Amino acid sequence: MSELASLAECRDEEQVRDAVTAWVAREVPAAWREAGERGGPGLVRTVRTPQEYRAWYPALARSGLVVPQWPVEYGGLDWSRRLAQTAERILAPYHLPRLNPLGLNLTAAALFAHGTHEQRLRFLPKIVSNEEVWCQLFSEPGAGSDLASLATRAERDGDGWRVTGQKVWTTWAHMADFGVLLARTDPDVPKREGITYFLIDLRQPGVDVRPLPHIGGEVDFNEVFLDGAVVPDSQRIGAVNDGWRVARATLSGERQMVSGSGSGGVDRIGGAGSRRLIGLARERSARGLPHGWDDGGVRHELVRLWCEEQIRRWTNMRVRAGLKAGLPPGPESSVGKVHGSELNQRMQAAAARMLGLGATAWESGSDASDALAAYTEHMPAEVRGMLRSRANTIEGGTSEVNKNILAERVLGLPKEPDPWQGRPWREVPRG
């Protein structure tokens, strides 16, 4: 019996505990297990490099534990949420993050909501295994907050489509194999009615990815130029010109993803969660440094942030429970996005403040030949997280846009006047 089949047969919490514990003992390298059992995720990070984790990751993917609530045929275990949570508690000390988060959260949401069985079989297992890495090609230079005004065109070409246009602020496009893409397929209807949703191969002629380094020195964002890139019609999700409805599933998944701890389960986009900050404060006090856990003001601030983080977690759980029950994405995802992004900015600012003057200047090495490289290489992690978190209220839908959604859909306030409402996209002025 295969490992996946064995785990998938578990149908109560005791069976899950036994099977997952046995899997950990058999598959997780001994040094990682020992570190996790002694000191949890923080200690695991000291004995394992990101490269080592990526090399080992197929073992986690094969187990089905990456997405245990998904059907077995798509790479999961077909478990209930309760069984998945039981497994997660056992795995937690070993720090086994899911790779390919944009594929798992954004692409998968659209495929489950609107894709065909054949499309799910083609793409979901390779998303789970991290064999095909994904990004999201939505925002454009003239279509950010008003995404529906996008101008990238997709035109019929036999059994496929040719795509021409420009996308920007595309997270991790420089590492991606595929992207979820919104393109205009009919300019003669109102803007939301002429958009189609595609899955596009980025490793082809006609795709030019240009990195956009940010203030912390890292590359997360990119601009992507499309010049006649080809998409087979079999990689269209939903009906032609119905892409805006499909995109809502992706946008809800994105808002959940960027509203979690440390920016929502997407490593590297905004620092640590409240538990890590409390640990940092205690470390500072133990070393006799200022701004630590012994400081009543610091302690009060961190406990308040911890409480807010629990509220954010419960809101995200409501969204996920609704999606699991087959309900359409609701305004709860915007609640979580607004609260989570602003909470994360406050959290990362608190971490940087604990460093005091250490957050304003640091040693970069006297022999550094590249001043910028030295500046970013030696930047404290807390400062890097604080700088990166400034984007949280922009990415995944700006706070202003999400507050409008809440005002209209939750509070029932009147919509903002739009003199161009219902006019064909071609006639609407654009910047």
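Residues numbered from 1 in each chain as written. Predicted model: local features only at pLDDT ≥ 70, side-chain atom pairs only at ≥ 80, totals over all residues. Heavy atoms only, no water.

Caption draft 1: Region of the structure containing the environment of Leu99. When you line up the elements, Leu99 lands in the loop between helix H5 (81–91) and helix H6 (101–114). Sequence spacing of Leu99 and Ala25 is 74 residues, and the spatial spacing of their C-alpha atoms is 22 Å. For Leu99, the contacting residues outside a window of four places in its chain are Tyr53, Arg54, Tyr57, Leu104 and Asn130. (Helix = DSSP H or I, 4+ residues; strand = E, 2+ residues; numbered from the N terminus. Contact = heavy atoms within 4.5 Å.)

Caption draft 2: Structural context of the pattern of salt bridges. Taken as a whole and judged by the stated rule, the model has 24 salt bridges. A salt bridge links Asp242 to Arg245; the shortest N-O distance between them is 2.8 Å. For Asp242, a relative accessible area of 23% gives the class partly exposed. It is possible to trace a salt-bridge network through shared partners that takes in Glu13, Arg82 and Arg89. (Salt bridge = Lys/Arg side-chain N within 4 Å of Asp/Glu carboxyl O. Buried < 20%, exposed > 50% of the residue type's maximum accessible area, 1.4 Å probe, protein only.)

Caption draft 3: Representation of the environment of Phe112 within the structure. Here Phe112 is to be found in helix H6. Judged by relative accessible area, Phe112 falls into the partly exposed class, the value being 30%. In this structure, the C-alpha to C-alpha distance between Phe112 and Leu124, residues 12 residues apart in sequence, is 9.5 Å. Beyond its immediate stretch of four places on either side in the chain, Phe112 contacts Trp70, Pro71, Tyr74, Arg120 and Leu124.

Caption draft 4: Fine view of the confidence of the model for the protein. Scored by pLDDT, the protein comes out at a mean of 89, with 91% of its residues at no less than 70. Note that pLDDT drops below 50 for residues 258–269; the model gives that stretch 43 contacts with residues more than four away or on any other chain. (pLDDT = per-residue confidence, 0-100.)

Caption draft 5: Structural context of the nonpolar core. Core analysis: the largest hydrophobic core is formed by 55 residues, its most contacted members being Val20, Trp23, Trp56, Leu60, Leu65, Trp79 and Tyr197. Tallying contributions element by element places helix H4 (residues 50–63) first for this core, with 6 residues. The contact partners of Leu60, leaving out residues within four places of it in the chain, are Trp23, Tyr53, Leu65, Val66 and Leu96. With 20 residues, the next largest nonpolar core counts Leu102, Ala154, Val163 and Trp172 among its residues. (Core = buried A, V, L, I, M, F, W, Y, C linked by side-chain atoms within 4.5 Å.)

Caption draft 6: Highlighting the packing of helix H2 (residues 13–27) against H5. The contact between H2 and H5 brings their axes to 9 Å, and the two run at 35°. Where H2 crosses over H5, the handedness of that crossing is right-handed. Residue-level inspection shows Glu13, Val16, Arg17, Val20, Thr21, Trp23 and Val24 of H2 in contact with H5, the latter providing Arg82, Leu83, Thr86, Ala87, Arg89, Ile90 and Leu91. The residue makeup of the contact of H2 with H5, split by class, is 8 nonpolar, 2 polar and 4 charged. (Axes fitted to C-alpha atoms, helices over the stretch in contact; angles between N-to-C directions. Left-handed = near helix turned anticlockwise from the far one by under 90°. Nonpolar A, V, L, I, M, F, W, Y, C, P; charged D, E, K, R; others polar.)

Caption draft 7: Expanded view of helix H3 (residues 30–47). Between its terminal C-alpha atoms H3 stretches only 11 Å, short of the 26 Å expected from 18 residues at 1.5 Å a residue. Taken together, the buried positions of H3 are Trp32, Ala35, Gly36, Gly40 and Val44. In the core, the buried residues of H3 are packed alongside H4. (Expected span 1.5 Å × (residues − 1).)

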